[in-house]
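Here are the chains, one letter per residue:
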Amino acid sequence: MASPVLPFSTSAALLAILAPTCLSLALLRMAGALTRPRHAPRRALSESALPKASIIVALYREAAVVAQLIKTLGAIDYPAGKLEVRLVLEADDTETLAAIERCHLDTRFGVVIAPAGHPRTKPRALNYALRFCSGEIIAVHDAEDRPHPLQLRHAAESFHLAPPGLACLQAPLNWYNRGETWLTRQFAMEYAAHFHVMLPLYQRLDWPLPLGGTSNYFRTKALLRSGGWDAWNVTEDADLGVRLHRLGYRCGLIAPTTLEEAPVSLRGWTPQRARWLKGYWQTLGVHFGLDAERRRLSLPLVMTLGGAVLSALIHGPTLVAALAAAVMEQGVSLPVLACLSILGAGYAGGLMGAVEGMARARLPVRIADLALLPVYWSIQFVPAVRALVQLVQNPYLWEKTEHGVSSLAETPCTSPCPRPSSRLRSVSQSSSSPAGGPASRSDRSAARG
């Protein structure tokens, strides 16, 4: 007999959606946990043999983390004469520019001022800065990043051995404040599973890699051939990974990690997650519209990006409805039992991925955090709905993540450093310019902030 809370028609619909989604994703996570990572091979190069490299960091309202960023980038182990760092700012971001001026910059650093225009997004800023880069390798970092000092060297040495078809190398990401709150610990497990379990599996399956948006290392020629970043896509990283795959390129993995700052509360986490899910919808819409590639990419896109958005939408409501039905019935009916069993299979796969990912990342994991994984998955319903609403009402809105709020973040550089007129090199002048990238089209209203 059907549950009064979950009538038969509703139960059937839920099971039709839930069963293939949860079971497929669970099997995929289990397969990932059993697949050993395969990092790109490399051969040590002398300093004279290393290629020139360019690092782009898009900044907007990041005065709080500028000092730590410059300190971290300055510690990168790479010949100074072969490294250039482009800090790209919006034209009206005088606060971040002032913070840069208060800190000592050497000749590796240059400031790029992106012209006013739309969309006001990170990928648009990256596209603009790209024209001021001369490296054979282009690296992308975020404002709060703390990359391993040898990461760039590893990427260069891996590219040296690899065929030209290897267009991008992705370094794993995690959080330096991962132990700060329950949310940051959940986030750490999620990232460990993604970068140490799922990406290695996608690589073995020859699927597109949904790139992480930072600590990406590109061959400049391949990046330019792909058209750069889609300025209108709010997860430009995932889109670019798919587009490179469509063009016949492949992406690989390297081992040195980058640490970032995780949102410490739901107030910061919700808009960030909504932006990611909205971008996944955008990427699915763009690449499913390409008829010639639909068959080859349909399964990878459904299982990676599609699985993420669908599971975020259905887990919370299904779990709440099934538990409510069990309580009201004072027992468990067959539909409720089926729903809970399918969810349980999904959680089992998630636990395997989280435990194995944390082990591969050499990070500790708490039993209590593993037990609360269903809660973390369920609350993703809120940003999932927010993403769908924005997709209709304001698809190109870039909801910026605030950095420097963690108690473990270093304080900003407020000491009166000399104004580095000879050190602070501006490599561009503000002028009108199109958005750039493969999706440059007519002006649309959007904002990054």
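The structure we're discussing is the one just above.
Just so it is clear, the structure is predicted and the values come from calculations on it, not from any experiment.

Draft legend 1. Structural detail: the overall build of the chain. When helices and strands are tallied, the chain shows 14 helices and 11 strands. Evaluated residue by residue, the chain yields a buried proportion of 57% over its 449 residues. Put simply, 85% of the contacts in the chain that link residues at least 6 apart link residues at least 24 apart. Within the structure as shown, the chain displays about 18,400 Å² of accessible surface, and the carbon and sulfur contribution to it stands at 60%.

Draft legend 2. Layout of empty space enclosed by the protein. Under the defined criterion, the tally for this structure stands at 4 cavities of 30 Å³ or more. Considering only enclosed or pocket space, the second largest cavity measures out at about 70 Å³ in volume. Together, P37, H39, Q170, A171, P172, F195, H196, L199, P200, L253 and I254 line the second largest cavity. The greatest single-element share of the lining of the second largest cavity, amounting to 4 residues, is contributed by helix α6 (residues 182-204).

Draft legend 3. Up close: the packing of aromatic side chains. For the structure shown, the criterion picks out 13 aromatic pairs. Measuring from ring centre to ring centre gives 4.7 Å for W175 and F187, while their planes differ by 40 degrees; the resulting arrangement is tilted. Linking W175 in strand β7 (residues 173-175) with F187 in helix α6, this pair joins segments that are 12 residues apart in sequence. Owing to a relative accessible area of 1%, W175 belongs among the buried residues under this scheme. For F187, a relative accessible area of 0% puts it in the buried group. Summarising the aromatic geometry, the rings of F187 and W276 are spaced 6.0 Å apart at their centres and angled 50 degrees between planes, so their arrangement reads as tilted. Pair noted here: F187 is in helix α6 and W276 is in helix α9 (residues 266-288), with a separation of 89 residues, a long-range link. There is no split in this pair, since F187 and W276 are both buried. Aromatic ring contacts, followed pair by pair, group W175, F187, Y191, F195 and W276 into a single cluster. A cation over a ring is seen here: R146 above Y176, with NZ or CZ 3.7 Å from the ring centre.

Draft legend 4. Main features of the nonpolar core. Within the largest apolar cluster, 75 residues are counted, with the highest numbers of intra-cluster contacts made by I56, V88, F187, F218, W229 and L244. Among the elements that take part in this core, helix α10 (residues 294-329) stands out by supplying 12 residues, more than any other. Leave out the neighbours within four places in its chain, and F187 touches W175, A262, P263, W269, Q272, R273, W276 and Y376. Formed by 40 residues, the second largest nonpolar core is a distinct cluster that contains A63, V111, A139 and Y217.

Draft legend 5. Main features of the packing of helix α8 (residues 236-246) against α9. Running from N to C, α8 and α9 point in directions that differ by 25 degrees, and their axes come no closer than 9 Å. Judged by the inter-axis angle, α8 sits roughly parallel to α9. Crossing of α8 against α9: the hand is right-handed. In this structure, α8 uses A238, D239, V242, R243 and R246 to contact α9, whose residues at the interface are Y280, T283, V286 and H287. The class makeup of the residues in the contact of α8 with α9 is 4 nonpolar, 2 polar and 3 charged.

Draft legend 6. Region of the structure containing the sheet that holds strand β5 (residues 146-147). Strand order in the open sheet formed by 3 strands is β5-β10-β7, and the pairing between neighbours is mixed. Looking at the sheet topology across the chains shown, the edges are occupied by β5 and β7. As defined by bridge partners, β5 adjoins strand β10 (residues 258-260) across 2 bridges and the pair is classed as antiparallel. The residue bridging P147 from the neighbouring strand is T258, located in β10.

Draft legend 7. Main features of the side chain of R243. With respect to the element layout, R243 can be found in helix α8. A distance of 2.9 Å separates a polar atom in the side chain of R243 from the backbone oxygen of G228.

Draft legend 8. Layout of the packing of α6 against helix α11 (residues 334-360). Relative to each other, α6 and α11 sit at 75 degrees, their axes nearing to 7 Å. As far as their axial angle goes, α11 and α6 are roughly perpendicular. Packed against α6, whose contacting residues are A188, M189, A192, A193, H196 and V197, the element α11 presents G353, A354, E356, G357, M358 and R360 at the interface. Here the residues of the contact of α6 with α11 sort into 7 nonpolar, 3 polar and 2 charged.

Draft legend 9. Focus on the pairing of strand β1 (residues 53-59). Within β1, 7 of the 7 residues are buried, which leaves it mostly tucked inside the rest of the structure. Residues A53, I55, V57 and L59 line one face of β1 and the alternating positions S54, I56 and A58 line the opposite face, and both faces are buried. As a crossover connection, the stretch from β1 through helix α2 (residues 66-74) into strand β2 (residues 83-90) is right-handed. When β1 meets strand β4 (residues 137-141), the two strands line up parallel, connected through 5 bridges.

Draft legend 10. Broad picture of the environment of S215. For S215, the location among the structural elements is in the loop between α6 and β8 (216-219). Since its relative accessible area comes to 0%, S215 is described here as buried. Considered as a pair, S215 and L259 are 44 residues apart in the sequence and their alpha carbons are 9.9 Å apart. Beyond its immediate chain neighbours, meaning those up to four positions away, S215 contacts V140, H141, D145, Q151, L169, Q170, A171, L173 and T258.

Draft legend 11. Unusual backbone geometry, seen in detail. Geometrically, the link from H118 to P119 is a cis peptide bond, its omega value of -5 degrees lying close to zero. Structurally, the position occupied by P119 is in the loop between β3 (109-114) and α4 (122-130). The backbone phi angle of R61 is positive, close to 55 degrees, even though this residue is not glycine. Along the chain, R61 falls in the loop between β1 and α2. In this structure, S215 takes a positive phi of about 55 degrees despite not being glycine.

The rules behind each value
Residues numbered from 1 in each chain as written. Predicted model: local features only at pLDDT ≥ 70, side-chain atom pairs only at ≥ 80, totals over all residues. Heavy atoms only, no water. Helix = DSSP H or I, 4+ residues; strand = E, 2+ residues; numbered from the N terminus. Buried < 20%, exposed > 50% of the residue type's maximum accessible area, 1.4 Å probe, protein only. Contact = heavy atoms within 4.5 Å. Areas by Shrake-Rupley, 256 points an atom, 1.4 Å probe, with all protein chains shown as cover. 1 Å grid on protein atoms, 1.4 Å probe; cavity = no way out; pocket = protein on both sides within 12 Å on 5 of 7 lines; lining within 4 Å. Points joined across faces, edges and corners; volume = space filled by probe spheres on them. Phe/Tyr/Trp six-rings, centres within 6.5 Å; stacked < 30°, edge-to-face > 60°. Lys NZ or Arg CZ within 6 Å of the ring centre and 35° of its normal. Core = buried A, V, L, I, M, F, W, Y, C linked by side-chain atoms within 4.5 Å. Axes fitted to C-alpha atoms, helices over the stretch in contact; angles between N-to-C directions. Parallel < 35°, antiparallel > 145°, perpendicular 65-115°, else oblique. Left-handed = near helix turned anticlockwise from the far one by under 90°. Nonpolar A, V, L, I, M, F, W, Y, C, P; charged D, E, K, R; others polar. Pairing = 2+ DSSP bridges. Polar contact = N/O pair within 3.5 Å; in protein donor to acceptor, adjacent residues only side chain to side chain. Right-handed = clockwise from strand over helix to strand, strands pointing away.

Fair warning: the whole summary comes from geometry, so function is off the table for now.
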